[in-house]
2 protein chains.
Amino acid sequence: MSLTRYFKNLLATSTLLLLATGYALAEPAAELRGTGDLGVVIERATGSVALVDTSAKTVLRHIEGLGDLSHASVKFTRDARYAFVFGRDGGLTKLDLLTGEVVERVIQSGNSIGGAISQDGRFVAVGNYEPGGVKIFDVETLELLLDVPTTYEKEDGTTDQSKVVGLVDIPDNRFIFTLFDAGEIWILDMSTTEPELTKFRDIGSMPYDALITSNGRYYIAGLFGEDGLAMLDLWSPEQGVQRILPDYGRGEERLPVYKMPHLEGWAMAGDRAFFPAVGRNEVLVANTSDWSLNSRIEVHGQPIFVMSRPDERQVWVTFAHPLNDRVQVIDTQTLEVIQTIEAGESILHKEFTPRGEHIWISARDSHQIVVYDTRTFEELARLSAESPSGIFFTHRAHQIGL
Amino acid sequence: MSLTRYFKNLLATSTLLLLATGYALAEPAAELRGTGDLGVVIERATGSVALVDTSAKTVLRHIEGLGDLSHASVKFTRDARYAFVFGRDGGLTKLDLLTGEVVERVIQSGNSIGGAISQDGRFVAVGNYEPGGVKIFDVETLELLLDVPTTYEKEDGTTDQSKVVGLVDIPDNRFIFTLFDAGEIWILDMSTTEPELTKFRDIGSMPYDALITSNGRYYIAGLFGEDGLAMLDLWSPEQGVQRILPDYGRGEERLPVYKMPHLEGWAMAGDRAFFPAVGRNEVLVANTSDWSLNSRIEVHGQPIFVMSRPDERQVWVTFAHPLNDRVQVIDTQTLEVIQTIEAGESILHKEFTPRGEHIWISARDSHQIVVYDTRTFEELARLSAESPSGIFFTHRAHQIGL
């Protein structure tokens, strides 16, 4: 074989190599790696997210073009490869955590408040503010599969669509959500080819948010228009919606309410629930067997997120403006505040690593995410991010209601 | 540039390409994919494992060369990319779930009973039968970092190493394990550079297995040599080891015991624990607030694994030989057996998908893994495997004690 022929063969081989490896060359950042220690941090000011690695405690990359993320949340597919980002502008974006690409993006309403992925991993549901209603999309293709209008009759006899809040997945491939304007809780059963709706009416005035307990049993909605909370025991739905903690809210002597607390942050530790008082510098403790109020724990400010470390031994609390420069830690046995941490300016959200050894905290106005050891309270890392807010790790893919 | 020079440059480029892409070429089966829906099934007769995909409900491949897997267990790294397989022959094998390769394999003792990965993901611990003791390895390199002999004094005054059972990880980067021969529980604290041992002595006669509750609080060891169970409340270690359920075991009127039940299978549902009776065709129910025995549920055979669906609404039970051809489902509210399933011959193990919509069951002598819908009890898939036994899904990476 002549030298020229050799080079020609080599050229052919090179071309094949280029074709065979085109993907790797075009996407040098797509890395063969496990997805169990990845996470997404919302960067609210820039419409971007930071993709993070909780083992290395680093930001891997920033992904842009996600629209208005001023109140955004994230859910993960059951293989923990893709994240769905629910944006304030009604945008629903599917991200590939391995390539960093936006796989698909639709503007599915004018304003959305969050969503959920079904237990079987096939459906992504979005709850909408404007124009209201719930939409169900195919997780693979983002094709619209079902549009559930939340029509209700107003006092003047006309009809409208209610804003939807507190949409979460529950066992048996169902979604549950709350109609703010209508004061109703609906269950959408996606377990068969003929989806079914079950409606619970007159649950209370202006339910503004809701939570589901980690076993998917209790669905609890907060009421803006009256005292108490509306609770549905999904193991006994025939009992209907019951009122619990009747003095919660207006019944308490109130400070000015800077921000209604998030209900999703409720911490369940054994048979006790730790949750934010409304308008008071207190974390409340209830007994979950009868939902009676047990204790009030004095804290630094008006609590927003009250979250339990995965082993239930600590509860971490963030606060409303203007006292949102600190985070406090409560011991769930002694009910005492055991640590106060100054993590940065405008602390918005926090997330524990799956087994609870670390916590990641977003300090929006410091443009930093700070990682702490939850045993020693030592600062382990301080990462740069653009106005970081919500932090979501991929282990949520495997949990009911998360 | 001459043509020859061009080809020379091309040659150089090609070589670089080959180097850069050598991995992808050598391992065409390594797929860019999420690892959240992967799992490993032990194939005990052939010393191999089946790598499975719980979304597609398929066996992706079989990986061979893992030695004696007649009593094997699996733990996953915190990124959910690698699995550690603990073999009966003392083999510790690190598998790459993405490439299907055995990354590293050491024979670290003569006979091992299982292991755990530390909360921070850095250490893999193995509990050994022969010659006893615990070894700690680096998760990355499998380098031996620490050898903890379980030396104890025998009645004749000589010393020996105790067999180690029930080794699990607990919060604060610690491991806990039980010394069968010595009747002791030890805690190994790996949170600092100077590992520390804490020993609890005289816990009872011949503790043969142990479990940890999902929050890492209660560690409970079963006793072969006497009645009752030894419980350590890790939130109050100063109280020492207490005896619970004093009649558990010998105190009951006994049938022949075909196989001691697995403790790790205890199902915790709310404030109730469901667990296997010893030598009786019963599942027992205890109240976890005071560990009193509440109920006995009559079942098909002597229960081995009693496992709670992740939402705690059902408990699934497998049985000892010769009645190991069926699986039964108990409703945790009514305490009634609501379903009996004939899944195949010699049913050994089962695993729920993370959010509980499916269960995978291994039927050893049918050489099949069978997948069921836990709501309808419909059979969804029947997969071929060589004498399948233990089934382990990657979401365990994110849970305390799993």
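Criteria and thresholds
- The residue numbers shown here count from 1 along each chain, following its written sequence.
- For naming, the first written chain is A and the first written ligand is 1, with later ones following in the order written.
- A pLDDT threshold of at least 70 governs which residues receive local features in this predicted model, and a stricter bar of 80 or more applies before side-chain atom pairs are shown or counted, although totals over entire chains, interfaces and linings include all residues.
- Note that the side-chain values use all heavy atoms of the structure and ignore hydrogens as well as water.
- Note: domain ranges come from an automatic or database domain assignment.
- In this analysis, two residues are considered to be in contact whenever any of their non-hydrogen atoms come within 4.5 Å of each other.
- Note on definitions: buried area is the accessible-area loss of two parts on being combined, 1.4 Å probe, summed for both.
- When a carboxyl oxygen of Asp or Glu lies within 4 Å of a side-chain nitrogen of Lys or Arg, that pair is called a salt bridge.
- Whenever a nitrogen or oxygen atom comes within 3.5 Å of another N or O atom, the pair is scored as a polar contact, on the condition that within protein one atom can donate a hydrogen and the other can accept it, and that pairs from neighbouring residues in sequence are kept only if both atoms are in side chains.
- To qualify as a helix, a DSSP run of H or I must reach at least 4 residues; to qualify as a strand, a run of E must reach at least 2; elements of each kind are numbered from the N terminus.
- When accessible area is computed with a 1.4 Å probe and restricted to protein chains, residues below 20% of their type maximum are described as buried, those above 50% as exposed, and intermediate ones as partly exposed.
- For two strands to count as paired, DSSP must find a minimum of two bridges between them.
- Residues belong to one nonpolar core when they are buried, are Ala, Val, Leu, Ile, Met, Phe, Trp, Tyr or Cys, and are joined through side-chain atoms within 4.5 Å.

Q: Could you clarify how one ought to interpret the domain arrangement of chain A in this entry?
A: Size of an interface: often given as the accessible area lost when the parts come together. All names here are of chain A. Split into domains, chain A comes out as domain 1 (36-84 + 351-402), domain 2 (108-254) and domain 3 (260-342). Using only C-alpha atoms to locate each centre, domain 2 and domain 3 end up separated by 25 Å. In this complex, domain 2 contributes 19 residues to the contact, which on the side of domain 3 involves 19 residues. For the pair domain 2 and domain 3, the summed buried area comes to about 1600 Å², and 68% of that belongs to carbon and sulfur atoms. At the surface where domain 2 touches domain 3, the tally comes to zero salt bridges. The tally of links from domain 2 across to domain 3 stands at one residue pair in polar contact (both at pLDDT 80 or more). Put simply, the parts of the chain that give the side of domain 2 that touches domain 3 at least two residues each are β18 (207-212), β19 (218-223) and β20 (229-233).

Q: How do you make sense of the pairing of strand β23 (residues 272-276) of chain A when you look at a structure like this?
A: Within a regular beta strand, the side chains point alternately toward one face of the sheet and then the other, so they alternate between its two faces. Residue and element names in this part refer to chain A. Within β23, four of the five residues are buried, leaving the element largely enclosed by the surrounding structure. Where strand β22 (residues 267-269) and β23 come together, three bridges link them in antiparallel fashion. Along β23, the bridge assignment pairs Ala 267 with Phe 274. As consecutive antiparallel partners, β22 and β23 are separated by two residues, and within that stretch Gly 270 has a phi angle of approximately 60°, a positive value.

Q: Sorry if this is basic, but what is going on with the nonpolar core here?
A: Nonpolar side chains in soluble globular proteins generally cluster together in the buried interior. Core analysis: the biggest nonpolar cluster contains 21 residues, and Ile 220, Leu 245, Trp 266, Phe 275 and Trp 291 of chain A have the highest contact counts within it. Of all elements in the fold, only β18, β19, β20, β23 and β24 (282-287) of chain A reach the threshold of two or more residues within this core. Among the domains, domain 2 (108-254) and domain 3 (260-342) of chain A are the pair contributing at least three residues each to this core. Excluding anything up to four places from it in sequence, Trp 266 of chain A contacts Leu 211, Ile 220, Leu 229, Leu 245, Ala 273, Phe 274, Phe 275, Pro 276, Trp 291 and Val 306 of chain A. Counting 19 residues, the second largest nonpolar core, distinct from the first, contains Phe 180, Tyr 218, Met 231 and Trp 266 of chain B.

Q: I'm lost on the pairing of strand β14 (residues 164-170) of chain A in this one. Help?
A: Residues and elements named next belong to chain A. Among the seven residues of β14, seven are classified as buried, and the element is accordingly described as predominantly covered. By the bridge criterion, five bridges tie β14 to strand β15 (residues 174-179) in an arrangement that is antiparallel. Looking at β15, one finds that Val 164 is bridged to Leu 179. Counting the residues in the hairpin turn of β14 and β15 gives three residues, including Asp 172, whose phi is positive at 65°.

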